[in-house]
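Residue-level structural notes
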There are 2 protein chains.
Amino acid sequence: MEKQSIEHTIGHEAAGDVTLDGRGTYDERLNHILASATDTFARLGYEKASMREVAKAAGVSLAGVYHYFDGKERILFLIQFRAFGSLLNNLREKLSGVEDAKKQLCVMIRAHLGYFAANMSALKVCSHELDSLSGAAYEDTRKIRHEYYELCRDIVDRVLNEYDVNGTMDRHVATMALFGTLNWLYRWYDPKRGPAVSTVARQIADQYLVGLVGAAMKQNETP
Amino acid sequence: MEKQSIEHTIGHEAAGDVTLDGRGTYDERLNHILASATDTFARLGYEKASMREVAKAAGVSLAGVYHYFDGKERILFLIQFRAFGSLLNNLREKLSGVEDAKKQLCVMIRAHLGYFAANMSALKVCSHELDSLSGAAYEDTRKIRHEYYELCRDIVDRVLNEYDVNGTMDRHVATMALFGTLNWLYRWYDPKRGPAVSTVARQIADQYLVGLVGAAMKQNETP
DNA sequence: CTTCTCCGATCGAACGTTCGTTCGGCTGGT
DNA sequence: ACCAGCCGAACGAACGTTCGATCGGAGAAG
């Protein structure tokens, strides 16, 4: 409980920076195992992926994994919490300075696809294993997911406030339609084989934005 | 292999129609267990749901489940194969007579949401456990899924052929954007609590169709 | 009509395997 | 001499699956 606190989540730089062994610092090896576990969870699914498989993929013994992590659930929590945190920070960063709501929406979609292309395994685990955590770990990831949701919904909201003067468009439905498109990416899109990230991002952003604005104006035509 | 053939998939009416016991025919009890298993898989996930849990939910013993099904994977296969088959038949039925591509797209989205509302657990299992099967069972479900995909992509194709004269819109991306929205429904939409099925279907159809056509025309403006 | 036989349906109990986790000890740098 | 890092081996629990026994109704035999 107290030992492996939330500090590990961000990546504590105070510990392990002196010496440990020839293959990197404590944090580097922890992150190496975490990255291997991310790939393993993405490949097999969280429940089907055993700790033995995680250990083998990371090149350490089974007990060696437990030297760095309290247990299997803790690994999944760290993967999700870090990924959602990075996703959120990355989005806020790229959103700074952009005022127009429609441009914000484009930036959001591009940022999401860019992060997806750079962290496919992590986002697959985030999309597919949303209910695999429980208790406090689930609550923590739910909170940060909700932050990401609110940020995106507020952008959708501002766009609709400009065009949907009658308020006939459901903000939640509109936002979840976009989330569906983005969270489903891991099922079909491989940036290494399919069209370029920028191409896909542009088409999705164009389609969604035009659809959002157009559907809103269409409903206002018939009062 | 030979014993539990594909016949069970459709529901063989030849057997068990004479007598079995007071609680229904063979097929009725098989379908009852299958329905319970669907709910259990949807609630816990396929890997986490144990056969003991399935048996308890169905009100039979653990060994009793194996009297009707070869094994756990066979249950998942039957759930997915039946659901995809019904989804496909239902769509083809409602599509007959409709010629306009844009209307076809609206019909498709309404049909999907209607089936979702009536079979939430089954579609959740279909969306979430796509990779849980292996071997021949996986291939069989993949084929029927591909049929559904091709049917929808052809509709998208016809819409784009009317407006995207330059062919700048990627048909696969456009189709998967829609599939993402639809397949993500199970994560957030509850017809019993949220807005009505017709309302959500109309908004999603409007948004997507306007976006598809609008984005295509927008790209043709700048040659 | 009664009796016997048989077989499908069902169950409790157990099988072997794999799971997440723990523990005691080895090792190499300080 | 010490201690963090790491490992082989083992733990109990839970898993999917199998097996042998039991039960009851349908049909054949008397």
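Residues numbered from 1 in each chain as written. Chains lettered and ligands numbered in written order. Predicted model: local features only at pLDDT ≥ 70, side-chain atom pairs only at ≥ 80, totals over all residues. Heavy atoms only, no water.

1. So, the packing of helix α5 (residues 72-95) of chain A against helix α8 (residues 135-163) of chain A
A pair of packed helices is characterised by two quantities: the angle between their axes and the separation of those axes. Residue and element names in this part refer to chain A. Closest axis-to-axis distance for the α5/α8 pair is 10 Å, and the angle between their directions is 20 degrees. Between α5 and α8, the angle falls in the class roughly parallel. Crossing of α5 against α8: the hand is left-handed. Counting all contacts with α5, which are made through Phe77, Gln80, Phe81, Phe84, Gly85, Leu87, Leu88, Leu91, Arg92 and Leu95, the residues of α8 involved are Ala137, Asp140, Thr141, Ile144, Arg145, Glu147, Tyr148, Leu151, Cys152 and Ile155. In terms of residue class, the contact of α5 with α8 is built from 13 nonpolar, three polar and four charged. (Axes fitted to C-alpha atoms, helices over the stretch in contact; angles between N-to-C directions. Helix = DSSP H or I, 4+ residues; strand = E, 2+ residues; numbered from the N terminus. Parallel < 35°, antiparallel > 145°, perpendicular 65-115°, else oblique. Left-handed = near helix turned anticlockwise from the far one by under 90°. Contact = heavy atoms within 4.5 Å. Nonpolar A, V, L, I, M, F, W, Y, C, P; charged D, E, K, R; others polar.)

2. Considering the pattern of salt bridges
All names here are of chain A. On inspection of all chains with the given rule, the structure shows 16 salt bridges over all chains. Among the salt bridges present, the one from Glu147 reaches Arg92, with a minimum N-O distance of 3.0 Å. Taken together, the residues Glu147 in helix α8 and Arg92 in helix α5 connect sequence positions 55 residues apart. With relative accessibility at 36%, the residue Glu147 sits in the partly exposed group. Residues Arg171 and Asp164 are paired through a salt bridge, measuring 3.1 Å at the closest nitrogen-oxygen approach. Asp164 matches Arg171 in its accessibility class, with the two residues each being buried. Linked by salt bridges that have partners in common, Asp157, Asp164 and Arg171 make up one network. (Salt bridge = Lys/Arg side-chain N within 4 Å of Asp/Glu carboxyl O. Buried < 20%, exposed > 50% of the residue type's maximum accessible area, 1.4 Å probe, protein only.)

3. Some details on the confidence of the model for chain A
When pLDDT is averaged across chain A, the result is 89; 87% of the residues are at 70 or more. Counting contacts from residues 1-22 of chain A, a segment whose pLDDT is below 50, to residues more than four positions away or on other chains yields 29 contacts. (pLDDT = per-residue confidence, 0-100.)

4. Looking at the interface of chain B and chain A
Of the residues lining the interface, 36 residues belong to chain B; the matching set on chain A comes to 37 residues. In total, about 3,300 Å² of surface goes out of reach between chain B and chain A, with carbon and sulfur atoms giving 60% of it. Across the contact surface, chain B and chain A share four salt bridges. When the shortest N-O distance is used, the salt bridge between Asp131(B) and Arg187(A) registers 3.1 Å. At the boundary of chain B and chain A, one finds eleven residue pairs in polar contact (both at pLDDT 80 or more). Secondary structure elements with two or more residues in the side of chain B that touches chain A: α7 (120-128), α9 (171-183) and α10 (197-221) of chain B. Ranked by residues supplied to the side of chain B that touches chain A, first place goes to α10(B) with 14 residues. For the side of chain B that touches chain A, a count of residues per class yields 16 nonpolar, eleven polar and nine charged. (Buried area = accessible area lost by both parts, 1.4 Å probe. Polar contact = N/O pair within 3.5 Å; in protein donor to acceptor, adjacent residues only side chain to side chain.)

5. Quick notes on the relation of the copies chain B and chain A
Between chain B and chain A, which share one sequence, the superposing operator has a rotation angle of 180 degrees and an axial displacement of 0.0 Å; the RMSD is 0.0 Å. The superposition operator between the copies reduces to a two-fold rotation axis. Rotation axis and chain B: the residue whose C-alpha lies nearest the axis is Gly211(B), separated from it by 1.7 Å. Of all interface residues in chain B, 100% are interface residues in chain A too; the two copies therefore contact each other through one and the same surface. (Least-squares fit on C-alpha atoms with pLDDT ≥ 70 in both.)

6. Details of the packing of aromatic side chains
In the structure shown here, the tally under the stated rule is 14 aromatic pairs over all chains. Judged by centre distance (5.0 Å) and plane angle (40 degrees), the ring pair of Tyr26(A) and Tyr68(A) falls under tilted. Linking Tyr26(A) in helix α2 (residues 26-44) with Tyr68(A) in helix α4 (residues 62-68), this pair joins segments that are 42 residues apart in sequence. One exposure class covers both Tyr26(A) and Tyr68(A), and it is buried. When the centroid spacing of 6.0 Å and the interplanar angle of 85 degrees are considered together, the rings of Tyr149(B) and Phe179(B) count as edge-to-face. (Phe/Tyr/Trp six-rings, centres within 6.5 Å; stacked < 30°, edge-to-face > 60°.)

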